[in-house]
Amino acid sequence: MARILVLYYSATGHTQQLAMAVAHGARSVPAAQVDIARVPGLFTEDYESNQAYSEKIPLAKVEDLPKYDAIILGSPVRLGSIGAEMRHFLDQTAKLWQIGALIGKVGSVFVTTASQHGGHEAAILSMHHTLLHHGMIIVGLPASEPGLLTMSEISGGSPYGAGTISALDGLRQPSDNEFDLAEAQGKRVATVAVRLYG
């Protein structure tokens with residue numbers, strides 16, 4: 001079995017919805033065991049539109065990361081970079097870096113933004129830096145995914161990773177295409193992890 005962790009922070013529920021789709025895709029791969037965990041908020045004014053559901057998802061612990069063969073990170077994008085909550089959590093992994101605890105593990109990233117040009121790829125690349133410093137193997141979405149080539153609708157996602165766009169008022173929900181890309185990313189990461197560690 002390859003152990004996969006989908007690890008996310010979500011304030012309005014959009015990133016959480018993609019996390020569930022990523023996990024669903026990963027679970028479709030035989031010999032993949034998938035867990036989901038969330039990064040805690042930093043501020044008392046944090047809000048979650050789906051608080052009751054979120055409370056069912058366990059909070060992540062940095063010390064648990066080495067037991068996974070693959071880690072798929074999800075974060076909202078804020079001003080072209082990842083959310084402070086995810087950055088704070090990743091900064092705590094320095095002690096794992098010191099002992100090489102994540103070297104050779106598979107890493108992948110998905111994001112949500114409020115606007116079409118809100119920094120999907122820039123935010124994903126900013127998380128890739130951390131994964132590379134840990135010696136992880138980065139997996140994205142191949143251009144062969146048909147949903148990446150859609151021109152009939154506004155859609156998040158790129159070869160760097162899945163994504164969705166919430167709109168400035170937060171009312172837009174992930175589209176079927178965005179869910180499909182998230183599932184495809186989860187399946188791809190799980191497939192690579194099983195080949196390496198299953």
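The sections below set out a description of the structure shown in this document. (Residues numbered from 1 in each chain as written. Predicted model: local features only at pLDDT ≥ 70, side-chain atom pairs only at ≥ 80, totals over all residues. Heavy atoms only, no water.)

1. Structural notes on the nonpolar core
Soluble globular proteins: nonpolar side chains tend toward being buried together. Judged by nonpolar contacts, the single largest core of 30 residues is most densely connected at I4, V6, I72 and F110. Residue assignment for this core shows that the elements contributing at least two residues are β1 (2–8), α1 (14–27), β2 (32–38), β3 (70–78), β5 (106–113) and α6 (176–197). For this core, the element with the highest residue contribution is α6, accounting for seven residues. Residues within four places of I4 in sequence aside, it is in contact with A32, Q33, V34, D35, Y68, A70, I72, A190 and A193. Judged by nonpolar contacts, the second largest core, of 27 residues, contains Y9, A60, V62 and I124. (Core = buried A, V, L, I, M, F, W, Y, C linked by side-chain atoms within 4.5 Å. Buried < 20%, exposed > 50% of the residue type's maximum accessible area, 1.4 Å probe, protein only. Helix = DSSP H or I, 4+ residues; strand = E, 2+ residues; numbered from the N terminus. Contact = heavy atoms within 4.5 Å.)

2. Some thoughts on the packing of helix α3 (residues 84–91) against helix α5 (residues 120–133)
Where α3 meets α5, the axes come as close as 11 Å, and the angle between the chain directions of the two elements is 10°. Between α3 and α5, the angle is such that the two are roughly parallel. Along the contact surface, α3 presents M86, R87 and L90, while α5 presents S126, M127 and T130. For the contact of α3 with α5, a count of residues per class yields three nonpolar, two polar and one charged. (Axes fitted to C-alpha atoms, helices over the stretch in contact; angles between N-to-C directions. Parallel < 35°, antiparallel > 145°, perpendicular 65-115°, else oblique. Nonpolar A, V, L, I, M, F, W, Y, C, P; charged D, E, K, R; others polar.)

3. Focus: the side chain of E178
Secondary-structure assignment places E178 in helix α6. Judged by relative accessible area, which is 0%, E178 ranks as buried. Once you skip the residues sitting within four places of it in the chain, E178 turns out to touch L18, S155, G156, G163, T164, I165, R172 and Q173.

4. Considering the pattern of salt bridges
Between side chains of opposite charge, pairing is possible as soon as their charged atoms come close. Within this structure, the stated rule accounts for four salt bridges. Put simply, D91 and R87 hold a salt bridge, and the shortest N to O gap is 3.0 Å. You can see D91 and its partner R87 sitting in helix α3, four residues apart, about one turn around the helix. Taking the relative accessible area as the measure of exposure, D91 reaches 48% and is therefore partly exposed. (Salt bridge = Lys/Arg side-chain N within 4 Å of Asp/Glu carboxyl O.)

5. A closer look at the packing of α1 against α6
The N-to-C vectors of α1 and α6 enclose an angle of 45°; their axes lie 6 Å apart at closest approach. By the angle between their axes, α1 is oblique relative to α6. As α1 packs across α6, the resulting crossing turns out to be right-handed. Contacts between α1 and α6 involve Q17, L18, A21, V22, H24, G25 and A26 from the former and E178, F179, A182, E183, G186, K187 and A190 from the latter. Split by residue class, the contact of α1 with α6 holds seven nonpolar, four polar and three charged. (Left-handed = near helix turned anticlockwise from the far one by under 90°.)

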